[in-house]
Amino acid sequence: MLEINNLHVKLEAEDKPILKGLSLTVGAGSVHAIMGPNGSGKSTLSYVLAGRDGYAVTDGSAMLDGADLLEMEPEDRASAGLFLAFQYPVEIPGVGNMTFLRTAVNAQRKARGQDEMSAGEFLKVVREKARALKIDAEMLKRPVNVGFSGGEKKRNEILQMAMLEPKMCILDETDSGLDVDAMKLVSDGVNALRDAGRAFLVITHYQRLLDHIRPDVVHIMADGRIVKTGGPDLALEVERNGYADILAEAV
Amino acid sequence: MTALETELRADVRDGVDRETIDTVQAMSGSYKHGWETEIEMDYAPKGLSEDIVRLISGKNNEPEWLLDWRLAAYRRWLKMTEPRWAMVHYPDIDYQDQYYYAKPRSMAVKPKSLDEVDPKLLATYEKLGIPLKEQMLLAGVEGAAEPRKVAVDAVFDSVSLGTTFKAELAKAGVIFCSISEAVREHPDLVQKYLGSVVPPTDNFFATLNSAVFSDGSFVYIPPGVRCPMELSTYFRINAENTGQFERTLIVADRASYVSYLEGCTAPKRDTHQLHAAVVEIVILDDAEVKYSTVQNWYPGDEEGRGGIYNFVTKRADCRGDRAKVMWTQVETGSAITWKYPSCILRGDDSQGEFYSIAIANNAQQADTGTKMVHLGKRTKSRIVSKGISAGRAQNTYRGLVSMHPKATDSRNYTQCDSLLIGDRCGAHTVPYIEVRNASSRVEHEATTSKVDDDQLFYCRSRGMDEEAAVALVVNGFVKDVLQTLPMEFAMEAQSLVAISLEGSVG
């Protein structure tokens, strides 16, 4: 599904290397977690994959089902099935959440040569998916993320994911700012989307999210590279001992 | 007395995608109404003189009093100087180097009905999507809940081609016709109200209009009548080197109601063209008028070549108690916009509202806003202005809120938001506030924001292309104002907002 090979990325503005030869392969149907200390490049990885400006790829490649992601515009990556749940979802004043969702869904359908979803059909689907995430009608009407609590914003990201039905989902610290109940809601939302044709890359600082979303593979990232890869136990090890031992071992 | 004059200037913003700005510049081809109708025209000789004023008056078969009125205005105009206080810059206009009257030759003998009008002229309006057949709605409206009728007055250069639904309106007692026809058919009404809101001495451009206005619309709604349909006028400038000077007069008698729409387009030309219109609205006791404009004159190219100079005086006089007026404008066109639709709140408990979206892109310059003059007791006004600047454009909100000593217990609320796109445009806010009594209240809120890269990236990461993303964000910004427009216009305006900023960003 997702193949990242020897990826080197620097910040355009500061000429500062962030990713230094990162390689990673995520197969269909699997859940991979990336953990790592602050500043290891986790969020940069998610932004580069989604196509945000401000980063220069100096070497390496990133392919989604054989298509070169790095050559594509952000919207084309989305239509190709890539989805990034933002760590800090963006507010868009005056634009209703529902309008935003429908515009996004139909833009992707159009890009894929499918018919637009009718208003009635869309409404039915969105209500059903929103209910599972405890998102009420009022929240669907409010402007996108404006005045949303931290938990509401993250649930809203998962709703978008559920509506867009991507193949490759990247969750960038989706657990940050969530209380226990909200974490459960969000995790349930993610777990409901797990299937054989879909893959997840879960970026997190903490083991506790991984109690809810059980990963198949855990990677430890440091200084722009994957330094260790293991099973779910690796996350528990980090939780117990911190990153110091792993990093020392990697050097 | 408290007087306040402030100016907020914010003309740079960081982190704009270079590519997007280039796209904005490349979009000068996106003006959709820039084509020309090839048709034989009769012109008055070039330039302005007493003879030209007499000729225009003669062409309209006007009575003596109106000719005298025009001539007095002309003589006064000669002694006036062009106002230059607005934040717009343009070379001196040579008033002798243009035509003041242009009429399609086929209109020499006034057709009895629209059926007899030259098919080329009718085709022009069809192409613009304006219905001149009485069963149609304004074009582009899909899924309208129920078909609605809209009566249209079509003004082409200096003349009105005709007005639809006249008979049906007449049944309700509503008069809707061209102003030249009203002068002939309803002279008492015209003489009573013409110039009573915007006197011929008002300002340089209004005085020029008073001397040379050729056509425009006239509306009279009798007491107690709710106008059975929306009324609209579509102005089309077609002839080259010709100014358009239309004059609109709307009178809403006691306890009546009317909603009026105005649309404007012009062909693409390399030279600038002058448009100096006057709109007067008289509103008597308990009457209400909604006036909506979608101004889409040709804005000129990205270098500032061509485009309409739009110097317009619009004013509503709430002459009666509890009279109410609502101006809504969507200003996307013109090289230069100089326009301040105003409300004179004379009657006690009268209300004025002004909702504005002004978009300036490329080399466009807009200096627009409103005046709320509170004279009566317990009068209320509300101003919501949304200015959007892109390219090298300069966009100024200029507004006056004035509370006179007798306007006790009056209130104003002003909200003034600016959105900047790119790093070479400017947004300016110039509010003038005068309060001469102790019981009135004035509130002013202003914000300057930007379509930021994070918003656009967020939208794009969900699958919207850049244009769709900008349109979505900008439409969110102007939503409050779009909601005040009649449905047909709201849809037209929404797509116009997208077109005006095509490819641009944030």
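What counts and how
- Residues numbered from 1 in each chain as written.
- Chains lettered and ligands numbered in written order.
- Predicted model: local features only at pLDDT ≥ 70, side-chain atom pairs only at ≥ 80, totals over all residues.
- Heavy atoms only, no water.
- Contact = heavy atoms within 4.5 Å.
- Buried area = accessible area lost by both parts, 1.4 Å probe.
- Salt bridge = Lys/Arg side-chain N within 4 Å of Asp/Glu carboxyl O.
- Polar contact = N/O pair within 3.5 Å; in protein donor to acceptor, adjacent residues only side chain to side chain.
- Helix = DSSP H or I, 4+ residues; strand = E, 2+ residues; numbered from the N terminus.
- Nonpolar A, V, L, I, M, F, W, Y, C, P; charged D, E, K, R; others polar.
- Phe/Tyr/Trp six-rings, centres within 6.5 Å; stacked < 30°, edge-to-face > 60°.
- Lys NZ or Arg CZ within 6 Å of the ring centre and 35° of its normal.
- Buried < 20%, exposed > 50% of the residue type's maximum accessible area, 1.4 Å probe, protein only.
- Pairing = 2+ DSSP bridges.
- 1 Å grid on protein atoms, 1.4 Å probe; cavity = no way out; pocket = protein on both sides within 12 Å on 5 of 7 lines; lining within 4 Å.
- Points joined across faces, edges and corners; volume = space filled by probe spheres on them.
- Axes fitted to C-alpha atoms, helices over the stretch in contact; angles between N-to-C directions.

*Asks:* Go over the interface of chain A and chain B, please, and point to the residues and values.
*Replies:* Across the boundary between the two partners, chain A contributes 31 residues, which contact 18 residues of chain B. Both faces considered, chain A and chain B share a buried interface measuring about 2000 Å² in area, 63% of it formed by carbon and sulfur atoms. In this structure, the connection of chain A to chain B is made through four salt bridges. In this assembly, chain A and chain B are joined by eleven residue pairs in polar contact (both at pLDDT 80 or more). Here the side of chain A that touches chain B gets six residues from one element, more than from any other, and that element is helix 3 (residues 97-111) of chain A. Residue composition of the side of chain A that touches chain B, grouped by class: 18 nonpolar, seven polar and six charged.

*Asks:* Requested: an account of the packing of aromatic side chains, with residues and values cited.
*Replies:* Tallied over the entire structure, the rule returns 24 aromatic pairs over all chains. In this structure an aromatic cluster arises from ring pairing among Tyr74(B), Trp77(B), Trp85(B), Tyr90(B), Tyr95(B), Phe204(B), Phe205(B), Tyr309(B), Phe311(B), Trp338(B) and Tyr340(B). Taking the ring centre of Tyr206(A) as reference, the NZ or CZ of Arg208(A) above it sits at 5.7 Å. Sitting over the face of the ring of Tyr90(B), Arg84(B) holds its NZ or CZ atom 3.9 Å from the ring centroid.

*Asks:* Give me the lowdown on the pairing of strand 16 (residues 324-331) of chain B, citing residues and values where you can.
*Replies:* Residues and elements named next belong to chain B. Across the eight residues of strand 16, seven count as buried, placing the element largely inside the fold. Where strand 14 (residues 288-295) meets strand 16, eight bridges bridge the pair, whose relative direction is parallel. Counted as the bridge partner of Glu288 is Lys324 from strand 16. The pairing of strand 16 with strand 19 (residues 351-360) spans eight bridges and is parallel. Looking at strand 19, one finds that Val330 is bridged to Ile357.

*Asks:* If you had to explain the pairing of strand 18 (residues 342-345) of chain B to someone new, which residues and values would you point to?
*Replies:* Residues and elements named next belong to chain B. Residues Ser342 and Ile344 line one face of strand 18 and the alternating positions Cys343 and Leu345 line the opposite face, and both faces are buried. As defined by bridge partners, strand 15 (residues 307-318) adjoins strand 18 across four bridges and the pair is classed as parallel. Looking at the pairing, Asp317 lines up with Ile344 of strand 18. Note: strand 18 against strand 20 (residues 365-374), four bridges, orientation parallel. Residue pairing across strands places Ile344 opposite Val373, the latter belonging to strand 20.

*Asks:* An account of the side chain of Gln295(B) is needed here, citing residue identities and associated values.
*Replies:* All names here are of chain B. As for its placement among the helices and strands, Gln295 is situated in strand 14. Only 2.6 Å separates the side chain of Gln295 from the side chain of Glu331, close enough to count as a polar contact. Engagement of the side chain of Gln295 in a polar contact is seen with the side chain of Ser334, the distance being 3.0 Å. The residues touching Gln295, leaving out its near neighbours within four places in the chain, are Cys264, Asn310, Val330, Glu331, Thr332, Gly333, Ser334 and Thr337.

*Asks:* Describe the pattern of salt bridges, naming the residues involved and giving the relevant values.
*Replies:* This model, assessed by the stated rule, comprises 36 salt bridges over all chains. The partner of Arg54(B) in a salt bridge is Glu50(B), and the shortest N-O contact between them spans 3.5 Å. Here Glu50(B) and Arg54(B) lie together in helix 2 (residues 50-59), a separation of four residues that amounts to about one turn. The exposure class of Arg54(B) is partly exposed, given its relative accessible area of 38%. Several salt bridges converge on common partners, so that one network encompasses Glu73(A), Glu75(A), Arg460(B) and Glu466(B).

*Asks:* Explain the layout of surface pockets to me, and be specific about the residues and the numbers.
*Replies:* Counted as a void, the largest pocket has a volume near 1100 Å³. Around the largest pocket sit 36 residues that line it, and Thr103(A), Ala471(B), Leu472(B), Asn475(B) and Gln494(B) are the ones nearest its centre. Those elements that provide at least two residues to the lining of the largest pocket are helix 2 (74-79), strand 7 (92-96) and helix 3 of chain A together with helix 10 (466-477), helix 11 (479-482) and helix 12 (487-500) of chain B. Taken together, the residues that form the lining of the largest pocket break down as 15 nonpolar, 13 polar and eight charged.

*Asks:* Lay out the sheet that holds strand 16 of chain B in plain terms, naming residues and giving numbers.
*Replies:* Residues and elements named next belong to chain B. Strand order in the open sheet made by the ten strands is 6-5-9-11-14-16-19-21-23-25, with mixed pairing throughout. Taken across any chain shown, the strands that pair with only one partner, and hence form the sheet edges, are strand 6 (159-163) and strand 25 (441-450). Looking at each pair of strands side by side, their axes are set apart by 10° on average, direction ignored. The strands touched by helix 4 (residues 119-127) are strand 5 (150-156), strand 6 and strand 9 (230-236); relative to strand 5, the strand with the most contacts, the crossing angle is about 120°.

*Asks:* Tell me about the environment of Leu171(A), residues and numbers included.
*Replies:* All names here are of chain A. Checked against the element boundaries, Leu171 lands in strand 9 (residues 168-172). On the accessibility criterion, Leu171 (0% relative accessible area) is buried. Note: C-alpha distance between Leu171 and Ser43 (128 residues apart in sequence) is 9.8 Å. Other than its neighbours up to four places away in sequence, Leu171 contacts Ala85, Met161, Val190, Phe200, Leu201, Val202, Ile203 and Ile213.

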